Amino acid sequence: MTGGLEGYDAVAEANAQKSVLAIHWSRICERLKAEVGEVEYRTWLRQITVGPVDEDEITLYLPTRFLRDWVRGQYGDRLGTLWNAEVPAIRRVELQVARPGSASATSPADGVTVPAATTEVREEAVPRPAVPAPVVEEPRHAEVRSDLAAPLDPRFTFDTFVVGKPNEFAYACARRVAERPSSPGFNPLFLYGGVGLGKTHLMHAIGAELLREGRVSVAYMSAEKFMYRFIAAIRSQSTMEFKEQLRSVDVLMIDDLQFLIGKDNTQEEFFHTFNALVDAGRQIVVSADKSPSDLSGLEDRLRTRLGCGMVADIHATTFELRISILEAKASASGVVVPAKVLEFLAHKITSNVRELEGALNRLIAHANLFGRPVTLEATQDVLHDILKAHDRRVTIEEIQRKVAEHWNIRLTDMSSARRARAVARPRQVAMYLAKQLTSRSLPEIGRKFGNRDHTTVMHAVTRVTELMEQDPAFAEDVELLRRMLES
Ligand code: ADP
Ligand code: MG
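On a predicted model such as this, the values are computed, not experimentally measured, just so you know. (Residues numbered from 1 in each chain as written. Chains lettered and ligands numbered in written order. Predicted model: local features only at pLDDT ≥ 70, side-chain atom pairs only at ≥ 80, totals over all residues. Heavy atoms only, no water.)

## What about the packing of aromatic side chains?
Short version of the rule: Planes of paired rings set the category: under 30 degrees apart is stacked, over 60 is edge-to-face and the rest tilted, where pairs are Phe, Tyr or Trp rings (Trp by its six-membered ring) whose centres lie within 6.5 Å. The secondary structure listing takes helices from DSSP runs of H or I that are at least 4 residues long and strands from runs of E that are at least 2 residues long, numbered from the N terminus. Relative accessibility decides the category of a residue: with a 1.4 Å probe and only protein chains considered, values under 20% of the type maximum give buried, values over 50% give exposed, and everything between is partly exposed.
One pass over the full model with this rule turns up eight aromatic pairs. Geometrically, the ring pair formed by Phe-226 and Phe-242 is tilted, given 5.8 Å between the ring centres and 55 degrees between the ring planes. Here the residue Phe-226 occupies a position in helix H8 (residues 223-235), and Phe-242 occupies one in helix H9 (residues 239-247), the gap between them amounting to 16 residues. On the basis of relative accessibility, which here comes to 0%, the residue Phe-226 falls in the buried class. Using a relative accessible area of 4% as the deciding quantity, one classes Phe-242 as buried. With centroids separated by 5.9 Å and ring planes inclined at 70 degrees, the aromatic side chains of Phe-270 and Phe-274 adopt a geometry described as edge-to-face. Of this pair, Phe-270 and Phe-274 both sit in helix H10 (residues 264-279), four residues apart, which is roughly one turn of that helix. Assessed through its relative accessible area of 0%, Phe-270 is described here as buried. Look at Phe-274 and you get buried, because its relative accessible area is 1%. Members of the aromatic cluster, connected to one another through ring pairs, are Phe-226, Phe-230, Phe-242, Phe-270 and Phe-274.

In structure tokens:
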């Protein structure tokens with residue numbers, strides 16, 4: 001606090017401000033009493049006195065450290081929310097210990113005219129100050145809500161996120177939300193895409209950006225954690241508190257929402273939290289592995305609301321993006337990785353960024369450890385197991401099975417001579433995916449499809465590529481299959 005208590009009391013404006021604060025405070029007290037009950041209120045909250053406002057922060061005093069800590073832990077956020085609702089300029093509440101007996105200059109009760117109806121509350125809520133002589137305390141900043149959320153990974157920022165075709169839209173939406181949270185049309189922001197493609201990274205980047213601005217409280221957690229917190233709250237009969245905590249944040253981010261499929265109670269709770277926050281003008285960011293409409297098993301009303309804001313998908317990486325990511329990460333590491341090696345990795349490890357990064361990290365660690373330059377040979381050696389696993393990742397049989405299931409044709413038609421389009425097209429897709437997802441040669445692939453010629457496979461690859469360009473629905477089908485096979 002700046003300016004000093006005397007200065008604060010000295011000016012007439014300050015008195016006026018105090019009386020206004022007292023009115024607000026009495027209203028807040030009424031609400032608190034209604035929310036927590038008379039007993040709780042009398043035990044803990046009645047002892048609060050209102051201190052000065054400094055910019056966007058109001059100081060509240062409690063007579064002991066114990067009381068201060070308790071109130072901070074249990075009601076700190078709620079007090080912040082209520083103050084903010086009353087006086088939008090107040091965005092933070094600072095709780096301090098005020099030593100009893102010292103002179104007070106900040107009693108809002110001093111010279112305050114409060115409407116008769118609220119007098120009683122005022123008397124109770126704003127007792128003649130037992131005295132704000134603030135003990136020096138570490139300030140409590142609006143921050144990432146570590147009490148109810150997971151910490152943000154400092155490596156996941158917008159700066160370290162490499163943008164390319166597959167993720168540029170999601171990136172732009174994330175940036176936009178970080179710049180102007182709660183804008184209509186961007187609330188909620190729903191990010192979806194396969195595993196390891198950067199959803200969590202983008203969410204953390206939003207959080208980091210907002211916190212850098214220092215204006216908001218951000219809570220990030222996985223849907224799984226949300227569920228565990230919720231269940232724990234039910235067990236300890238503290239669901240009210242859990243709700244309040246969640247509903248007091250400015251930005252709530254829930255990662256991997258697909259986890260809530262089939263968890264009806266948790267979904268219900270999330271739905272209500274979601275509505276409360278959006279109605280209060282707070283921002284929600286959600287990620288999942290599928291689009292809202294494809295998340296079967298999610299309650300319809302929740303699905304509908306999730307799709308109401310901005311839905312942005314992150315597509316599977318392209319070769320170009322994989323190269324850019326590898327280049328960025330290699331250069332950040334300080335180890336020289338030849339372009340040939342980067343290309344080799346980008347060709348071999350196509351599943352997702354996480355694996356790509358893992359492979360590169362191992363290579364870099366190896367180079368640092370042994371002080372040897374990174375070569376293609378060394379790479380094949382060091383990453384032997386990863387590369388092998390990748391080769392084996394998807395088999396042609398698996399691809400055939402999945403594709404046949406998807407279009408509802410018989411598995412045997414993958415190798416049959418039937419040429420009807422209903423079977424020929426899926427067969428071509430399977431060939432295309434076999435080329436994309438395995439390291440088999442064209443003749444090898446041809447053999448697995450009823451001993452077809454390698455030119456047939458080549459034709460299939462070209463045809464599917466063309467069709468994907470012309471027909472977005474078809475492209476989506478193929479992408480979906482690819483994702484399923486890769487995960
Ligand atoms: P998801 O949450 O979609 O499963 P993550 O966000 O956890 O994926 O990303 C996996 C790893 O890949 C993380 O280490 C992340 O930093 C990295 N990553 C993903 N996409 C990018 C990108 N476009 N640029 C840089 N790193 C990325
Ligand atoms: Mg994730």
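## Observations regarding the site of ligand 1
For the record, the criterion: Proximity is defined per residue: if any heavy atom of the residue lies within 4 Å of a molecule or strand, that residue is considered near it. Each polar contact in these results corresponds to two N or O atoms within 3.5 Å; when the atoms are within protein, one needs to be able to donate a hydrogen and the other to accept it, and residues that are neighboring in sequence are counted only if both atoms are side-chain atoms. Where accessible areas are quoted, they stem from the Shrake-Rupley method and a 1.4 Å probe; at the residue level, only the protein chains shown are allowed to cover. Amino acids are sorted into nonpolar (Ala, Val, Leu, Ile, Met, Phe, Trp, Tyr, Cys and Pro), charged (Asp, Glu, Lys and Arg) and polar (every other residue, Gly among them). Annotation comment: domain bounds sourced from an automatic or database domain assignment.
Near ligand 1 you find 18 residues, and of these Val-162, Gly-196, Thr-200, His-201 and Glu-357 are the closest. The backbone of Gly-198 places a nitrogen or oxygen atom 3.1 Å from an oxygen atom of ligand 1. Coverage of ligand 1 by the protein chains reaches 94% of its 560 Å² of free accessible surface. Elements represented by at least two residues in the shell around ligand 1 include exactly helix H7 (199-213), helix H12 (319-333) and helix H14 (353-370). Looking at side-chain class alone, the shell around ligand 1 contains seven nonpolar, seven polar and four charged residues. Each of domain 2 (144-314) and domain 3 (319-389) accounts for three or more of the residues forming the shell around ligand 1.

## Brief notes about the sheet that holds strand E4 (residues 189-193)
Under the convention used in this document: Here, a strand pair is defined by DSSP locating no fewer than two bridges between the strands. In this analysis an axis means a line fitted to C-alpha atoms, helices contributing only their contacting stretch, and an angle means the value between N-to-C directions, from 0 to 180 degrees.
Ordered in space as E5-E6-E7-E4-E8, the five strands form an open sheet in which the pairing is parallel. Lying at the two open borders of the sheet, with one neighbouring strand each, are strand E5 (218-222) and strand E8 (310-314). With strand direction ignored, the average angle separating the axes of adjacent strands in the sheet is 15 degrees. Note: strand E6 (residues 251-255) against strand E7 (residues 283-288), four bridges, orientation parallel. Counterpart to Met-253 in the pairing with E7 is Val-285.

## As for the packing of helix H20 (residues 454-470) against helix H21 (residues 472-486)
Quick reminder of the rule: Note on angle classes: values under 35 degrees are labelled roughly parallel, values over 145 roughly antiparallel, values of 65 to 115 roughly perpendicular, and the remainder oblique. Note on convention: near helix rotated counterclockwise from far helix by under a right angle means a left-handed crossing. Clockwise means right-handed. We call two residues in contact whenever any of their non-hydrogen atoms come within 4.5 Å of each other.
Running from N to C, H20 and H21 point in directions that differ by 125 degrees, and their axes come no closer than 5 Å. In terms of axis orientation, H20 runs oblique to H21. Along this stretch, H20 crosses H21, giving a crossing that reads as left-handed. Taking contact as the criterion, the partners of Val-464, Leu-467, Met-468 and Gln-470 in H20 are, on H21, Pro-472, Phe-474, Ala-475, Val-478 and Glu-479. Here the residues of the contact of H20 with H21 are counted per class, giving seven nonpolar, one polar and one charged.

## Some remarks on the sheet that holds strand E2 (residues 57-62)
Judged by pairing direction, the sheet is mixed, and its three strands sit side by side in the order E1-E2-E3 without closing on themselves. If you trace the sheet from one side to the other, it starts and ends with strand E1 (49-54) and strand E3 (92-97), each paired once. Direction aside, the axes of adjacent strands within the sheet are offset by 25 degrees on average. Inspection of the sheet shows E1 paired to E2 by four bridges, in the antiparallel sense. The partner of Val-53 across the bridge, within E2, is Ile-58.

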